[in-house]
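Fold and geometry: a report
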Amino acid sequence: MNKFLFGAIIVLSLYSIIFGQNPPRELVAQGFSTPRVELNWMTPVIPLELDEIAYEDGSGGSADEAEQGDMISVRFTPTERCSLISAKFYGYAMYPGINIQVVVYPDNGYGKPDIFSPLASPVTCEITTGWQEVDLSTAGLVFDPYEDFHIGIKKIANVDTFPHYIFIDTDDSTERSWWYDYSMFGFHGIGGDLEIRALVYNTSGLMRWLPDEKQVFAADGEGGVFNRHTVRFLTEDIDHYVIYRNTVPDLSSMSYLAMTSDTFYTDNDVSEDATYYYAVKAVYSDGGGISDFSNIASATTHSGAATTYLDTIILDDGTFDASATWTVEHGFGTVLNPSSVGLLRTLMFYLTNTGEFRPEVWSVDSSGFPTSLISGSPSFLSATSVGWRSVGWSSWTTTVIDEDFLVACICGYSPVSLGMDVPGYSSSFDFNGSSWNAMSDTTYMIRAIVEYNTDCAYYNIHTGWNLVSLPVMLEDSSISSVFPMAAGGLAYYYITGVGYDTTSVIVPGKAYWILSYIDTSFSICGGTPLYTLDVEVEPGWNMVGGTAVPEGYSKYDIFDYPDGTLTSYPYLFGFDVDSRNYIAVDRLYPGKGYFLLAFNSGIIRFEP
């Protein structure tokens, strides 16, 4: 949020029912595995509508000529008693990272700034091209009607090396703009009006007046001594806060939970793997009344208990009907269909004679045809007996299984034979040394064991764009930690109806694009599994991720609130990395990202 763009957050001390209706703000809730929910919020405020004092029309025409160490300024004459909230100016900077200082001065009695008596500490900021605003509210400066003050901008960087300017309107000069030449220790008039403006709040007597030299405090800041009249906004008219709770995001059915005079609360009366919704009201003292509800904040508690799944993928019936053999570098393959996303742990082959073989894993296309080698044994393995032979695949490489794949048995110089079901499925292939050929009505007896730990996040990243999510809660969920291969350490997320933006932190329940320049498989373990999850959605397409449920989550089981946020047949699309196309899907798998179409603003919930 731009600071004080057209309003400011300042707390007024008013004892009236009208202003007493302002609710607490920025309520946030966080769930833990103990289980408990911690709530935090900020005091009520009255947003301010600011007046903009300007003496130019914004048309520009020229730029200031100040050098390093010089200061340019504009004199302002308010017609009402007011508080200075921020300064606004139109600048130009050729390079990023060029800093300037914004200073407020009193008038020296001759229409020029008294540069030796600044009213507050300078505010250092980076100058950008275009209009920008700088917050000055923490100084607490209040001016009487027709009491002149000056807003100055000091050049602290070398202008010749790093060009930066403030623009000037050249018409209808009001002799309010000045240039202080540091090398000459004097002022020059500017032939026009600098595009510097003051944003003020006309107080109309609502703020408390304090004498000169009085130490005062900004609303949420530290104390400071300023040599002029200053103001403090007080909040002691809040007597206490009332906290409400619900199991759905509905204010009309909120139940009373507790009262507190603090701006924080811990709810220990919660269950594991459950979602709760909270809202807070402020009760004002001295008949000030009770406020409206704050925003709704939700939190999900987590059990923290992780589960290890071992899923053996089996297509054969356990009894071989025939044997097949090939020559060296020829082989057999069967396409296996995993029901979850996990780590390929063990390969199993039913061998009908001894010899040598090399296990391999291949990717397959959308039609189930083998496309490219993912990984293989670094050498041929010996088979010294017949029957099932297990190969500890995860002992030498990491392969994350998140879609159909083919397991191959390639014959060595002393070829093995492989058991097969006849008749079987058309999911098996022969390898002739260079290409694959489908074997109709045949299933080679090949199996795989996939491991899934619900406290782990498994990823199979491809070169290019990948649509991902995070199914566990991690201590460090930065993009650089979770996805170290992501280009620029950034992920891209979609703001519904607006477009894409970047982030350096990944949030469970949301989906993100990351750009990778390599193919890699990896896992991140030790997180808290997320079995229950609430995600806010807006009308239109939303990027969402699933939970830590290994078998995935059916789109038909998604709870939506209010009703009608999703249709009875939800529109859910994943991204196929091979074809680079979006595909309609029915389930959300952990670690993957999806696009979900919502028709209203609301909440979607995944729960066991």
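Below or above, wherever it landed, is the structure these notes cover.

Conventions used here
Residue positions within a chain follow its written sequence, with the count starting from 1. Only residues with pLDDT of 70 or above have their local features reported here, since the model is predicted, and side-chain atom pairs are shown and tallied only from 80 upward, although totals for entire chains, interfaces and linings are computed over all residues. With hydrogens and water stripped out, all remaining heavy atoms of the structure feed into the side-chain values. A helix here means a DSSP run of H or I that spans at least four residues, while a strand means a run of E at least two residues long, and both kinds are numbered starting from the N terminus. The rule is simple: take the accessible area with a 1.4 Å probe, protein chains only, and divide by the maximum for that residue type; under 20% is buried, over 50% is exposed, in between is partly exposed. Any two residues whose heavy atoms approach within 4.5 Å are treated as being in contact. Areas reported as accessible are Shrake-Rupley estimates using a 1.4 Å probe. Residue values count occlusion only from the protein chains shown. Strands were regarded as paired on the criterion that DSSP finds at least two bridges between them. With axes taken as lines fitted to C-alpha atoms, and helix axes fitted only over the stretch in contact, angles between N-to-C directions fall between 0 and 180 degrees. The nonpolar core is taken to be a set of buried Ala, Val, Leu, Ile, Met, Phe, Trp, Tyr and Cys residues, with the residues joined through side-chain atoms within 4.5 Å. Side-chain rings of Phe, Tyr and Trp (the six-membered ring for Trp) are treated as a pair once their centres are within 6.5 Å; stacked means planes under 30 degrees apart, edge-to-face means over 60, and tilted covers the remaining angles. Note on geometry: a ring has a charge over it if NZ (lysine) or CZ (arginine) is within 6 Å of the ring centre and within 35 degrees of the ring normal. In plain terms, two cysteine sulfur atoms within 2.5 Å form what is called a disulfide here.

1. Remarks on the overall build of the chain
Helix and strand counts for the chain come out as 1 helix and 58 strands. The 608 residues of the chain split such that 51% are buried. Taking contacts inside the chain between residues at least 6 apart in sequence as the whole, the part at least 24 apart equals 75%. Per element, the accessible surface of the chain, about 27,000 Å² overall, is 51% carbon and sulfur.

2. With respect to the sheet that holds strand β2 (residues 25-32)
Taking strand neighbours across the sheet as the criterion, the 3 strands line up as β2-β3-β23 in an open arrangement whose pairing is antiparallel. The sheet terminates laterally at β2 and β23 (264-267), the two strands that pair on one side only. Neighbour to neighbour, the strand axes of the sheet diverge by 15 degrees on average, direction disregarded.

3. Some remarks on the sheet that holds strand β7 (residues 71-76)
Think of a sheet as strands paired side by side through backbone hydrogen bonds, with each pair either parallel or antiparallel. Taken in spatial order, the 6 strands make up an open sheet running β10-β9-β13-β7-β15-β16, and their pairing is antiparallel. The open sheet is flanked by β10 (123-126) and β16 (186-189), the only strands paired with a single partner. Ignoring which end each strand starts from, the neighbouring axes of this sheet average 30 degrees apart. When strand β9 (residues 99-106) meets β10, the two strands line up antiparallel, connected through 4 bridges. Bridging across to β10, Val102 finds its partner in Val123.

4. What about the pairing of strand β55 (residues 581-584)?
Both strand β54 (residues 572-576) and β55 contribute to a ladder of 4 bridges, which runs antiparallel. Residue pairing for β55: Phe575 is matched across the bridge by Tyr582.

5. Digging into the nonpolar core
Counting 35 residues, the largest nonpolar core has Leu84, Phe89, Ile151 and Ile196 as the members making the most contacts within it. Counting residues per element, the ones that place at least two in this core are β7, β8 (82-93), β9, β13 (149-155), β14 (164-169) and β18 (196-202). Top contributing element to this core by residue count: β8, with 5 residues. Ile151 has contacts with Ile72, Ser73, Val74, Phe76, Leu84, Ala87, Val102, Val103, Ile196, Arg197 and Ala198, leaving out every residue within four places of it along the chain. Listed in part, the 26 residues of the second largest apolar core include Ile313, Ala324, Val361 and Val407.

6. Some words on the packing of aromatic side chains
Using the criterion set out here, one finds 39 aromatic pairs in the structure. Ring centres of Phe483 and Phe522 lie 6.4 Å apart, and the angle between their planes is 85 degrees; on these two criteria the pair is classed as edge-to-face. Taken together, the positions of Phe483 in the loop between α1 (479-482) and β45 (491-495) and Phe522 in strand β48 (residues 520-525) put the pair 39 residues apart, joining distant regions of the chain. Of the residues examined, Phe522 reaches a relative accessible area of 15% and is grouped as buried. Chaining the aromatic ring pairs together yields one cluster made of Tyr494, Tyr500, Trp513, Phe575, Tyr582 and Phe595. Taking NZ or CZ as reference, Lys88 lies 5.3 Å from the ring centre of Trp131, over its face. Lys555 extends its terminal NZ or CZ atom over the ring of Tyr569, reaching a point 4.1 Å from the ring centre.

7. Some remarks on the environment of Leu470
Tracing the chain through its elements places Leu470 in the loop between β43 (464-469) and β44 (472-473). You can call Leu470 buried: its relative accessible area is 1%. On a C-alpha basis, the gap between Leu470 and Pro590 in space is 7.2 Å, while along the polypeptide they are 120 residues apart. Excluding residues that lie within four positions of it along the chain, Leu470 makes contacts with Ala457, Tyr459, Ser477, Val482, Ile506, Pro508, Gly509 and Leu530.

8. Re the state of the cysteines
A full pass over the atoms with the stated rule returns 1 disulfide. Linked covalently through their sulfurs, Cys456 and Cys525 form a disulfide whose S-S length is 2.0 Å. Since a negative S-S torsion denotes a left-handed disulfide, the Cys456-Cys525 link at about 110 degrees is right-handed. Pair noted here: Cys456 is in strand β42 (residues 456-461) and Cys525 is in strand β48, with a separation of 69 residues, a long-range link.

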